[in-house]
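An overview of the molecular structure
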Amino acid sequence: MTSSDTTGTTRPTTTLWRPTGPEELELVRAADWRAWPPRLPEQPLFYPVLNEDYAIRIARDWNVPHSGAGYVTRFEVDTEFVSRYPVRQAGGETILELWVPAEELDAFNAHIAGRIELVHEFTAA
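My aim in this report is to walk through the structure given alongside it, one point at a time. Position labels on residues start from 1 in each chain and follow its written sequence. Where totals are concerned, whole chains, interfaces and linings use all residues; where local detail is concerned, this predicted model gives features only for residues with pLDDT of at least 70, and gives and counts side-chain atom pairs only at 80 or more. In computing side-chain properties, one takes all heavy atoms of the structure into account and sets aside hydrogens as well as water.

**Considering the environment of Thr15**
For clarity, the threshold we go by: A run of H or I in DSSP counts as a helix once it spans at least four residues, and a run of E counts as a strand once it spans at least two, with each numbered from the N terminus. Note on contacts: a residue pair is in contact if any heavy atoms of the two residues lie within 4.5 Å. Residues adjacent in sequence count toward polar contacts only when both atoms are side-chain atoms; beyond that, a polar contact is any pair of N or O atoms within 3.5 Å, and within protein one must be able to donate a hydrogen and the other to accept it.
Looking at the element boundaries, Thr15 is found in strand 2 (residues 10-20). Distance in space between the C-alpha atoms of Thr15 and Ile112 is 9.9 Å, their sequence separation being 97 residues. Apart from the residues lying within four places of it in its own chain, the contact partners of Thr15 are Arg74, Phe75 and Glu76. Among the polar contacts made by the side chain of Thr15, one reaches the side chain of Glu76 at a distance of 2.6 Å.

Quick look at the structure:
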């Protein structure tokens, strides 16, 4: 995908997904769907994932049992900016994440193109 920066220049973007629970989702909603909230002291990394399937598995299989609901969001980030974060393989071949240090989250948020979208919702049966 592409987005336009403040000069009207079109820049390529990378699609990322973020599995999240209800508390974090409310903070994203409060930020008008444009930014991720600061990490808690025990969260040194923000880790968006590179594929929707992996995000669904985390939201459904981890967030729902831990908080009663799990959500998958999708968003675009400036490709040139996001390329500074190496892709980390957190398990199998398709379990891929970016590890964004908590202190860099404001800069990361500034490079989100458009809005964060809610694409899947899972709740306890």
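Next comes the rest of the description.
**Examining the pairing of strand 4 (residues 69-78)**
Within a regular strand, side chains alternate between the sheet's two faces. Inclusion rule: Residue exposure (1.4 Å probe, protein chains only): buried if accessible area is under 20% of the type maximum, exposed if over 50%, otherwise partly exposed. DSSP bridges decide pairing: two strands pair if at least two such bridges lie between them.
In terms of burial, strand 4 is largely enclosed, as 9 of its 10 residues are buried. Across 8 bridges, strand 2 lies against strand 4 in antiparallel orientation. Following the sheet pairing, Thr13 is matched in strand 4 by Asp78. Relative to strand 8 (residues 112-123), strand 4 runs antiparallel, the two being bridged by 8 bridges. Its bridge partner being in strand 8, Glu76 is matched across the sheet by Ala113.

**What about the packing of aromatic side chains?**
What counts, and what does not: Centres within 6.5 Å make a pair out of two Phe, Tyr or Trp rings, where for Trp the six-membered ring is used; the pair is then stacked when the planes are under 30 degrees apart, edge-to-face when over 60, and tilted otherwise. For a ring to carry a charge above it, either NZ of a lysine or CZ of an arginine must fall within 6 Å of the ring centroid while also lying within 35 degrees of the normal to the ring plane.
Following the criterion strictly, the structure yields 7 aromatic pairs and no others. Feature note: the residues Trp36, Phe46, Phe75, Phe81, Tyr85 and Phe108 constitute an aromatic cluster, connected by ring pairs. It is Arg18 that lies over the ring of Trp36; its NZ or CZ is 5.9 Å from the centre. Directly above the aromatic system of Tyr47 lies the positively charged group of Arg18, at a separation of 5.1 Å from the ring centroid.

**Here's the deal with helix 1 (residues 22-30)**
Quick reminder of the rule: Taken from the helix axis, the directions to the C-beta atoms give the arc we talk about.
Restricting attention to buried positions, one finds in helix 1 the residues Glu24, Leu25 and Val28. Projected down its long axis, helix 1 carries its buried residues within an arc of 100 degrees, all on one side. Counted as exposed and oriented over 90 degrees from the buried face of helix 1: Glu23 and Ala30. Against the buried residues of helix 1 lie strand 2, strand 4 and strand 8.

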